[in-house]
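Chain residues, written in single-letter form:
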Amino acid sequence: MNLIKNFHTIPNYLSLARLILAPIISYYLFWGNKTLAIILIIIAYSSDVLDGIVARHFKQESELGKIIDPIADKVMYAFIAFALLLKGLVPIWFFAFYIFRDLLILLGSFLFAKKVKEIPKSNKWGKISAFTVAITLFGIIIEIPYFNPYAFIFALILSYFSTYIYFKVGYNQLKK
């Protein structure tokens, strides 16, 4: 598995840009420049959508992209959630369960890739749960009334369901 092959692709650069934007967004959220943070979040989310479209349309999918794209998402959401946690807008239980889930996914993906010599692909449930977490965090940022705690609970349920699906699919592939 050659991770460096096809490194210089637009999708990989878009994912790297999200990694760079994550702490910047967190900084602006924490220090109260919500407008700039929202603009950067929209740019980051748009880059996430765009990198997938470009990768598929221009056949720029790469092994490295299969790693950095989901990591960029996880890092971005973790930074945003942490800034909101520090501001008292995200409950500690949500943050802890969400970070624990992401660490489980990363560990499982690493072990799977080591055993099968293939990087696991994301699935629709992973994308749905990531979108739900993004909407939940964004809803908190823009202060949607009555959003809390139901959105957090729903986002965690979907996140853990997607984790179950990832592990089930991975287990079935390992059995083959």
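Residues numbered from 1 in each chain as written. Predicted model: local features only at pLDDT ≥ 70, side-chain atom pairs only at ≥ 80, totals over all residues. Heavy atoms only, no water.

S.K.: Now, about the pattern of salt bridges: what can you tell me, with residues and values included?
M.R.: Tallied over the entire structure, the rule returns seven salt bridges. A salt bridge links Asp 48 to Arg 18, with the nearest nitrogen and oxygen atoms 3.3 Å apart. Residue Asp 48 is found in helix α2 (residues 34–57), and its partner Arg 18 is found in helix α1 (residues 10–30); the two are separated by 30 residues along the sequence. Judged by its relative accessible area of 15%, Asp 48 is buried. (Salt bridge = Lys/Arg side-chain N within 4 Å of Asp/Glu carboxyl O. Helix = DSSP H or I, 4+ residues; strand = E, 2+ residues; numbered from the N terminus. Buried < 20%, exposed > 50% of the residue type's maximum accessible area, 1.4 Å probe, protein only.)

S.K.: Outline the environment of Ile 99, listing residues and values.
M.R.: With respect to the helices and strands, the residue Ile 99 is situated in helix α4 (residues 92–116). We classify Ile 99 as partly exposed; its relative accessible area is 22%. Note: C-alpha distance between Ile 99 and Gly 65 (34 residues apart in sequence) is 22 Å.

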